[in-house]
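# Working through the structure, step by step
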Amino acid sequence: TGKYLIKFETELAKKFKTNYAIAVNSGTSALHTALYALGIKAGDEVIVPPLTFSATAFAVMFLGAKPVFADVDIETFNICPKSIEKRINKKTKAIITVSIFGLIPDMREILMLKKKYKLMLLEDNAETIFSKYKNRVSGTFGDMSIMSFQRSKHLTMGDGGAILTNSKKLFLRSKQFSVLGYRGLGKNKVNENIKDKFQNPNYYRHQIVAPNYRMPEIIAAAGIAQLKKTNYFCKKRVLIGSGYEKIAN
């Protein structure tokens, strides 16, 4: 809710050509927040890949839902669309794809399943940034996508995460959930000093019970600087990866 956070969110959304970005304190927080915004609740099932960091499944469990593991494609190590379809039932509400090691899953097949079974799609892009599938950038296929800024990631501020979406409804639900359920949070809005309003006994400050996943201002400021170097970081990773490939061959 501070000026650096608002600037970081604005520039991040612009970089990925999405309508909204919500910055939080970790990739795990981003997953939890996004799943809440998508309406996942106790008793629901969410299909996830087994080859990923534990947070992908943990975030589903945080909401009382059940992670259901679909197998991976042996050629890419990404979630396999055929395996996803075998696990869809009446309780299935969403699919989480993970673009592992910078490689995007077969999104054409997954989007067909999303439409066929009327499911929500959340992209976990903690390990991927600016990778493309049929000329579309990772993080722009699903209803929402998340990224991580942990120390090993493409962009890093020590820790942190973010959610991207084009939906105003999902943005507002995510923003509110990530900051203690406060009312009145919106895009590009810096908190004002409204102490008198808070002290009014008829003012309800919290509309929902929610965690505090707010990104600190100093981390957001570092993120603004990191965003200016995205092309450099990606080129470096490709160069290093090519070096490993030459050694392997």
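Structural data are supplied above this passage.
On a predicted model such as this, the values are computed, not experimentally measured, just so you know. (Residues numbered from 1 in each chain as written. Predicted model: local features only at pLDDT ≥ 70, side-chain atom pairs only at ≥ 80, totals over all residues. Heavy atoms only, no water.)

## Some remarks on unusual backbone geometry
Within the chain, F101 stands out as a residue other than glycine whose phi angle is a positive 55 degrees. In this structure, F101 sits in the loop between β4 (92-98) and α5 (107-117). The phi angle at N135 is positive, at roughly 70 degrees, despite the residue not being glycine. Position of N135 relative to the elements: it lies in the loop between β6 (132-133) and β7 (136-137). (Helix = DSSP H or I, 4+ residues; strand = E, 2+ residues; numbered from the N terminus.)

## Considerations on the pattern of salt bridges
Taken as a whole and judged by the stated rule, the model has seven salt bridges. R108 is the salt-bridge partner of E109, the closest N and O atoms lying 2.7 Å from each other. Of the charged contacts, one joins K114 and D143 as a salt bridge, the two residues approaching to 2.7 Å between their closest N and O atoms. Here K114, found in helix α5, pairs with D143, found in the loop between β7 and β8 (144-148); they are 29 residues apart in sequence, far enough to count as distant. A relative accessible area of 18% places K114 in the buried class. Salt bridges sharing partners connect three or more residues here, namely K41, D44 and K93. (Salt bridge = Lys/Arg side-chain N within 4 Å of Asp/Glu carboxyl O. Buried < 20%, exposed > 50% of the residue type's maximum accessible area, 1.4 Å probe, protein only.)

## Notes on the packing of helix α2 (residues 27-37) against helix α3 (residues 55-62)
Each pair of packed helices can be summarised by the angle the axes make with each other and by the distance between the axes. Running from amino to carboxyl end, α2 crosses α3 at an angle of 40 degrees, the nearest separation of the two axes being 9 Å. By the angle class used here, α2 and α3 are oblique. Here α2 and α3 pass one another in a crossing that is right-handed. From α2, T28, L31, H32 and L35 reach across to α3, where they touch A55, T56, A59, V60 and F62. Counted by class, the contact of α2 with α3 contains six nonpolar, three polar and no charged residues. (Axes fitted to C-alpha atoms, helices over the stretch in contact; angles between N-to-C directions. Parallel < 35°, antiparallel > 145°, perpendicular 65-115°, else oblique. Left-handed = near helix turned anticlockwise from the far one by under 90°. Contact = heavy atoms within 4.5 Å. Nonpolar A, V, L, I, M, F, W, Y, C, P; charged D, E, K, R; others polar.)

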